[in-house]
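For reference, the chains in residue letters:
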Amino acid sequence: MFDEVLGLPVHALVVHFAVVLTPLLVAVAVAYALVPRWRPSTAWAVILLALASPVAVFASFASGPRLLEARFATAEGTLAGNIATHASFAVPLLLSVLGLGAASLILVYASRGDRFGKSGTTVLSGLTVVLALAAAYYVFRAGDSGARAVWG
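Just so it is clear, the model here is predicted, and its values are computed rather than measured.

A. Here's a closer look at the pattern of salt bridges. Applying the stated criterion across every chain yields a total of one salt bridge. As a salt-bridge pair, Arg148 and Asp144 come within 2.9 Å of each other at their nearest N and O atoms. Here Arg148 and its partner Asp144 are both found in helix H5 (residues 117–151), four residues apart, which amounts to about one turn of the helix.

This is how it looks when you write it as structure tokens:
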């Protein structure tokens, strides 16, 4: 399932979804958390991105070892080091995006009808911003290190 599509490595295809959807989720989730007047118009985007981005990151996470096994199993030296660096960001990125997706969905739920009170929504907003910063950091590091491994 996570090998190839039409002869192309799945990882090389799905990683682009992760690299686009995750920063979009970060931006929309932070806007939703920090600008309450935008919440009615951005809730749908937060919900869609909070569901799609973790799926894209998981697909990238699951397809990476398959690409390594199929194309780079004998890599040595600098290339092997670059690949190892890239792979080291996989789990933190997946966990931070899963956390951001969950926090964003809970924040949307909580802010509709003020279900958790003002202080609960404020805490969720803060948590969402912190997780967004972590996801932004790890998606940048994973994407940059992956690009350097391939093109550097």
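B. Structural view of the environment of Ala87. Tracing the backbone through its elements, the reader meets Ala87 in helix H3 (residues 77–88). Since its relative accessible area comes to 47%, Ala87 is described here as partly exposed. With 55 residues separating them in the primary sequence, Ala87 and Ala142 have C-alpha atoms 7.6 Å apart.

C. Representation of the packing of helix H1 (residues 10–34) against helix H2 (residues 39–71) in the model. Put simply, H1 and H2 touch, their axes get as near as 7 Å, and they point 150° apart. In terms of orientation, H1 and H2 fall into the roughly antiparallel class. Where H1 crosses over H2, the two elements pack in a sense that is left-handed. For the contact of H1 with H2, the per-class residue count stands at 22 nonpolar, seven polar and one charged.

Criteria and thresholds
Throughout, residues of each chain are indexed from 1 in the direction in which the sequence is written. Thresholds applied to this predicted model are a pLDDT of at least 70 for local features of residues and 80 or more for the giving and counting of side-chain atom pairs; totals over whole chains, interfaces and linings are not thresholded and use all residues. Processing note: side-chain calculations cover all non-hydrogen atoms of the structure and skip hydrogens and water entirely. Take a side-chain nitrogen of Lys or Arg and a carboxyl oxygen of Asp or Glu: if they are within 4 Å of each other, that pair is a salt bridge. A helix here means a DSSP run of H or I that spans at least four residues, while a strand means a run of E at least two residues long, and both kinds are numbered starting from the N terminus. Think of it in three bands: with a 1.4 Å probe and only protein chains considered, a residue is buried below 20% of the maximum accessible area for its type, exposed above 50%, and partly exposed in between. An axis is simply a line fitted to the C-alpha atoms; with a helix, the fit covers only the stretch in contact. Between two such axes, the angle follows the N-to-C directions and lies from 0 to 180 degrees. Roughly parallel means an angle under 35 degrees; roughly antiparallel means over 145; roughly perpendicular covers 65 to 115; every other angle is labelled oblique. Note: crossing handedness is left-handed where the near helix turns anticlockwise from the far helix by less than a right angle, and right-handed where it turns clockwise. By the convention adopted, Pro, Cys, Tyr, Trp, Phe, Met, Ile, Leu, Val and Ala count as nonpolar, Lys, Arg, Asp and Glu as charged, and the other residues, Gly among them, as polar.

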